[in-house]
Amino acid sequence: MRAIGINTWVWTSPLTDAVLPGLLARIAELGFDAVELPLENVGDLDPARTAASLAEAGLTPYVVAAMAPGRDLVATDAATVARTQDYLRGAVDLAEAIGATSVCGPFYAQTGRVWRLSEDERTAAYAEWREHLAPVADHAAAAGVRIGVEPLNRYETSLVNTVDQALTGLGPLLEQGVGLALDTYHLNIEERSSAAAVRAAGRHLVHVQVCGSDRGAPGGDQTDWPALVAALDEVGYAGPLNIESFTPDNASIAVAASIWRPLAASPDDLARDGLAFLRSLDGDTSHVLY
């Protein structure tokens, strides 16, 4: 049975020490196995307290990092690159401290930044990206943490939209502890076949995020879930399926993710419905709370 996780962005943003213990307890009560912890700013979460709360809840952690305004590794000034590298190293340090095996996100440019690129400009941008991501990759490798780079849809970036672009752009970093984190929402927009994209990622697949094609709960949407799960099995992905959606109550995150309407009656409903559907893909409903 594949483990199922969920991102705390479904309920709140930013995630802080004040809300973490109660939220993790709720996620465990709903029946999840794992949790994605978004580190929006270094210092939001105390590693020791976070580890203790995770242990009490019995949840396996994964860390995601946000490329907020001012975080860029490409086509920017040296000071911005250095700040972004420091932030990503901070996310790696949190992962190491709490026993998370990966840190994932769109680690190339701030979310929402788009610009036109000729073929030569894209080639140069990818070379610059590799140069600036490499020190972070080295830091992660020393910590025993994998980096999963997430392609985003065309409305959120113009740099890395597809699995093929990510593989091309990362190049040799793929053999240095860097891989791909795939999100079914972005796959639905950018790939001709989500299952084929998973197969193209292959052994480089680090992490998988899932949601409905409308950014709501997975299930009952246009995604070909059996084909997607079959592709994950084919490439040997043994990690969890992690529901990622967003609360509409935080203005900055709602704008960044284009959440203009409620995606469920409540965050708990989104989580409960998504979990029930994902369990059903394995033919197991024993962990679902009705």
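Data block above holds the structure.
Residues numbered from 1 in each chain as written. Predicted model: local features only at pLDDT ≥ 70, side-chain atom pairs only at ≥ 80, totals over all residues. Heavy atoms only, no water.

Undergrad: Describe in detail the layout of surface pockets, supporting the description with residues and values.
TA: Roughly 500 Å³ of volume is contained in the largest pocket. In terms of lining residues, the largest pocket is bounded by 28 residues, among which Trp 9, Ala 66, Thr 111, Ile 253 and Ala 256 are the most central. At the level of elements, strand S3 (60-65), strand S4 (102-105) and helix H9 (251-256) are the ones that each hand at least two residues to the lining of the largest pocket. No other element matches the three residues that H9 contributes to the lining of the largest pocket. Here the residues of the lining of the largest pocket sort into 14 nonpolar, seven polar and seven charged. Each pocket or cavity is described by its volume, and for the second largest pocket that value is around 180 Å³. Elements supplying a minimum of two residues to the lining of the second largest pocket: helix H6 (184-190), helix H7 (194-201) and helix H8 (225-234). Ranked by residue count, the leading element in the lining of the second largest pocket is H6, at three residues. Across the lining of the second largest pocket, the residue classes break down as four nonpolar, six polar and three charged. (1 Å grid on protein atoms, 1.4 Å probe; cavity = no way out; pocket = protein on both sides within 12 Å on 5 of 7 lines; lining within 4 Å. Points joined across faces, edges and corners; volume = space filled by probe spheres on them. Helix = DSSP H or I, 4+ residues; strand = E, 2+ residues; numbered from the N terminus. Nonpolar A, V, L, I, M, F, W, Y, C, P; charged D, E, K, R; others polar.)

Undergrad: Give a description of the sheet that holds S4 that names residues and reports values.
TA: The parallel closed barrel is built from eight strands, whose spatial order is S1-S2-S3-S4-S5-S6-S7-S8. Across this sheet, the average inter-strand angle for adjacent strands is 30 degrees, counted without regard to direction. For strand S2 (residues 34-39) and S3, the ladder comprises six bridges, and the chain directions are parallel. Bridge pairing links Ala 34 to Thr 60 in S3. Relative to the sheet, helix H3 (residues 78-98) contacts S2, S3 and S4, its axis offset from that of S3 by approximately 175 degrees. Taken strand by strand, helix H4 (residues 119-143) contacts strand S5 (146-149) and strand S6 (178-183), and its axis lies near 145 degrees from that of S5. (Pairing = 2+ DSSP bridges. Axes fitted to C-alpha atoms, helices over the stretch in contact; angles between N-to-C directions. Contact = heavy atoms within 4.5 Å.)

Undergrad: Just give me the short version of the pairing of strand S1 (residues 4-7), but keep the residues and values in it.
TA: Of the two faces of S1, the one holding Ile 4 and Ile 6 and the one holding Gly 5 and Asn 7 are both buried throughout. Two elements, S1 and strand S8 (residues 241-243), share three bridges in a ladder whose sense is parallel. Opposite Ile 4, over in S8, you have Leu 241 as the bridge partner. Sheet topology places S1 next to S2; three bridges connect them, and they run parallel. Across the sheet, residue Gly 5 finds its bridge partner in S2, namely Ala 34. Chirality of the crossover, the property in question, places the unit of S1, helix H1 (residues 20-30) and S2 among those that are right-handed. (Buried < 20%, exposed > 50% of the residue type's maximum accessible area, 1.4 Å probe, protein only. Right-handed = clockwise from strand over helix to strand, strands pointing away.)

Undergrad: Could you give me a rundown of the packing of aromatic side chains, with the residues and numbers involved?
TA: Considering all chains together, one arrives at four aromatic pairs under this definition. Their ring planes at 40 degrees and their centres at 5.5 Å tell us that Trp 9 and Phe 246 sit as a pair that is tilted. Linking Trp 9 in the loop between S1 and H1 with Phe 246 in the loop between S8 and H9, this pair joins segments that are 237 residues apart in sequence. Here Trp 9 falls in the buried class, since its relative accessible area comes to 8%. Residue classification places Phe 246 among the buried residues on the basis of a relative accessible area of 11%. Each member of the aromatic cluster is reached from another via a ring pair, and the members are Tyr 108, Tyr 126 and Trp 129. Between Arg 71 and the ring centre of Tyr 87, over which it is positioned, the NZ or CZ distance is 3.5 Å. When the ring centre of Trp 115 is taken as origin, the NZ or CZ atom of Arg 113, which lies over that ring, is 4.4 Å away. (Phe/Tyr/Trp six-rings, centres within 6.5 Å; stacked < 30°, edge-to-face > 60°. Lys NZ or Arg CZ within 6 Å of the ring centre and 35° of its normal.)

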